[in-house]
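# Tertiary structure, described
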Amino acid sequence: MRRFAGLLGVLSGLVLAATAGAAGGIDPSFGESGVATVAMTSFGGLHPIATTPDGRIVGIVGGAPLQRMYRALSDGTLDASFGVLGWVDIPVVNDFLTSDDYGSIAVTADGDILIAGASGARGWLVRRYLADGTPDLTFGAGGLVSLPEPLSYFDTGPSITVQPDGRILLTGRRGPDAGLIRLDAGGALDASFGTGGVATIDYGGPFDSLGRTLIQPDGKILATVFSTFGSATGAFAMARFEDDGSPDTSFGGGDGLVAFQYGTAPSAYDLALLPDGRILMTGNSAYDIPARDFIVFRFLPDGSPDTSFGAGGVVLTDFTGDTDESQHLVLLPSGQFLVIGQVNPPGPSSEQIAVARYDADGTLDTTFGTAGLVIVFVDDFSQPITPLLLADGDLLVSGSSFPSDVRNFLVRVVLCGPCDVMDASGTCVGAPPSGCIGTTAPGASKLALRDLAADAYDRFKWTWKRGEATSSADFGNPSVASPLRLCLYTGLASSPVAVSRSFVAAGDQCDGKPCWKALGAGALG
């Protein structure tokens, strides 16, 4: 989307309002009305993503027997310089009844791409690609590392985490037990970790597994745990390990494990590590009533409940009166945090992606979206896969939906107001977003506003001297393919204040008529 800190051509039928505007909402300039469809497939609902050092997006779509990796630009369009027109087919190596299934992706500091998955009885697989999508032949055997399961269990694919020193940590299920494997940067097993690079732990369930994994600043490993723990109901659980893969005996009950009951069939999905070492956890639990709510726990660094958070260490939020399921956590620089999940809003729609914002103490931030919540309406049965906080302060969420075939998509959520930006502290301030274009000399431009009782006769006009910073080409063609955000600021350049804002989608209608029309060479009206 093109952004301007001033007037944009001549616009008809637009009502400009000097209102603050709610913080939080879908960015309508991203993709098509805020949603960028990456692929439609007939199989596979996983859609993990990561960002590259230069801000591009890499992801995996599809499922066995065919998966593909893509790279997209920051606006959601495919990057044709990657692979073949933005796509790389992931080779299949499995010669058993099932095919390879890659469900995790990470990017190294130098821009290389790592993907991890499982291949039936062949165990875990890791592939490494160079930034342009070609296999890194120096990694493993021709770009592939295969980690067979000696007990011939059909393992689920691991999560992949790149440590600050470049070593690669894999966590998931190995046979019947929770498993961790660490590789060096070249793909060889790290002999300093576990036993020959592999660590497993039995939590008492028939199939134990580790999920969301974080590396603490001190090198310790924190992960969610899925296990029934020998019962029929399971538990919310997380485990912490030393850097060598052994359980951290200073955490939990001395065995490196924190596990507790809260409601019916609980399961931990995600963790977030606060700067002071405290831990946030979210997940899913029916807590003995038919409907579910968003749920967040906070723990002290040793794994004990932080009773200063919410009610005794837990925050529950009922958004719809129906099933609301929290799945992901994202920390913000301001100390606030986001919870991303699924809700069932009133009406015919079901299972929509939702983003909620909370203050550090667990209080819902009702200035965000509508009463603290932004709902992303894509298709029924939409699920969030990976949320990422972008460098500019917006939130990018990959998702999949199942209207008939599988739709893999990206959606961008603006966390500040439409003409605000997020500063380094995480505060939304009224300032021109990065990339705004203006004039370079005082008195070189002229702004005229006309707001009449009949909206059809309103005008918003900006003229500037030829040769100034903004050219007519900068506007693109908003009647067809260039959505425009209109922001007016007042005050000094060092402390601008947004006084008016509006958004006009490409080809949009104003009072039942096209907002834009050609007036002549280089002019729009």
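Residues numbered from 1 in each chain as written. Predicted model: local features only at pLDDT ≥ 70, side-chain atom pairs only at ≥ 80, totals over all residues. Heavy atoms only, no water.

Counting its secondary structure elements, the chain contains zero helices and 41 strands. The proportion of buried residues among the 525 residues of the chain is 52%. Sequence-distant contacts, at least 24 apart, represent 52% of the contacts inside the chain between residues at least 6 apart. Carbon and sulfur atoms form 56% of the exposed surface of the chain, whose accessible area is close to 21800 Å². (Helix = DSSP H or I, 4+ residues; strand = E, 2+ residues; numbered from the N terminus. Buried < 20%, exposed > 50% of the residue type's maximum accessible area, 1.4 Å probe, protein only. Contact = heavy atoms within 4.5 Å. Areas by Shrake-Rupley, 256 points an atom, 1.4 Å probe, with all protein chains shown as cover.)

Pairing in this open sheet of four strands is antiparallel, and the strands run β13-β14-β15-β16 from one edge to the other. Every other strand in the sheet has two partners, leaving β13 (159-162) and β16 (198-201) as the edge strands with one partner each. Pairs of neighbouring strands in the sheet enclose a mean axial angle of 20°, with direction left out of account. Of the pairings in the sheet, the one linking strand β15 (residues 177-183) to β16 comprises four bridges and is antiparallel in character. By the bridge assignment for β16, Ala 178 is matched with Ile 201. (Pairing = 2+ DSSP bridges. Axes fitted to C-alpha atoms, helices over the stretch in contact; angles between N-to-C directions.)

What follows covers the side chain of Ser 104. Mapped onto the elements, Ser 104 comes out in strand β9 (residues 101-107). If sequence neighbours within four positions are ignored, Ser 104 has contacts with Pro 48, Ile 60, Leu 114, Ile 115, Ala 116, Pro 158, Ser 159 and Ile 160.

To continue, consider the pattern of salt bridges. According to the stated counting rule, one finds 22 salt bridges in the structure shown. A salt bridge links Arg 71 to Asp 79, with the shortest nitrogen-to-oxygen separation between them at 2.8 Å. Of the charged contacts, one joins Arg 240 and Asp 248 as a salt bridge, the two residues approaching to 2.7 Å between their closest N and O atoms. For Arg 240, a relative accessible area of 7% translates into the label buried. For Asp 248, a relative accessible area of 1% translates into the label buried. One continuous salt-bridge network, built from bridges that share partners, spans Asp 165, Arg 167, Arg 182, Asp 190 and Asp 243. (Salt bridge = Lys/Arg side-chain N within 4 Å of Asp/Glu carboxyl O.)

What follows deals with the nonpolar core. Of all hydrophobic cores here, the largest spans 19 residues; its most connected members are Leu 338, Ile 340, Val 355, Phe 368, Leu 395, Val 413 and Leu 415. Secondary structure elements with two or more residues in this core: β26 (337-343), β27 (352-358), β28 (373-376), β30 (395-401) and β31 (406-414). Not counting residues within four places of it along the chain, the set of residues in contact with Leu 395 comprises Val 330, Leu 338, Ile 340, Val 355, Pro 387, Leu 388, Leu 389, Val 411, Arg 412, Val 413 and Leu 415. (Core = buried A, V, L, I, M, F, W, Y, C linked by side-chain atoms within 4.5 Å.)

This part covers the environment of Ala 235. Tracing the sequence through the fold places Ala 235 in the loop between β18 (221-226) and β19 (236-241). In this structure Ala 235 comes out as buried when scored by relative accessible area, which is 7%. Taking the C-alpha atoms as reference points, Ala 235 and Tyr 262, 27 residues apart in sequence, are found 7.3 Å from one another. Apart from residues lying up to four places away in sequence, Ala 235 is in contact with Ser 227, Phe 229, Ala 259, Phe 260, Gln 261, Pro 266 and Ser 267.

Glancing now at the packing of aromatic side chains. This model, assessed by the stated rule, comprises eleven aromatic pairs. With centroids separated by 5.1 Å and ring planes inclined at 80°, the aromatic side chains of Phe 294 and Phe 319 adopt a geometry described as edge-to-face. Within this pair, whereas Phe 294 is found in strand β23 (residues 294-299), its partner Phe 319 is found in the loop between β24 (314-317) and β25 (325-331), the two being separated by 25 residues in sequence. For Phe 294, a relative accessible area of 0% gives the class buried. Here Phe 309 and Phe 337 contribute two aromatic rings whose centre-to-centre distance is 6.3 Å and whose plane-to-plane angle is 40°, an arrangement assigned as tilted. Taken together, the residues Phe 309 in the loop between β23 and β24 and Phe 337 in strand β26 connect sequence positions 28 residues apart. Within the aromatic cluster, the residues linked to one another by ring pairs are Phe 236, Phe 260, Tyr 262, Phe 297 and Phe 299. (Phe/Tyr/Trp six-rings, centres within 6.5 Å; stacked < 30°, edge-to-face > 60°.)

Mapped onto the elements, Ser 326 comes out in strand β25. Residue classification places Ser 326 among the buried positions, given a relative accessible area of 0%. Among the polar contacts listed, one links the side chain of Ser 326 to the backbone nitrogen of Ile 295, at a separation of 3.1 Å. In this structure, Ser 326 is in contact with Tyr 269, Thr 282, Gly 283, Asn 284, Asp 293, Phe 294, Ile 295, Val 339, Ile 340 and Gly 341, ignoring residues within four places of it in sequence. (Polar contact = N/O pair within 3.5 Å; in protein donor to acceptor, adjacent residues only side chain to side chain.)

What follows covers unusual backbone geometry. Although it is not a glycine, Ala 371 adopts a positive phi angle of roughly 55°. Of note, Ala 371 is situated in the loop between β27 and β28. Located in the positive-phi region is Phe 381, a residue other than glycine, with phi close to 60°.

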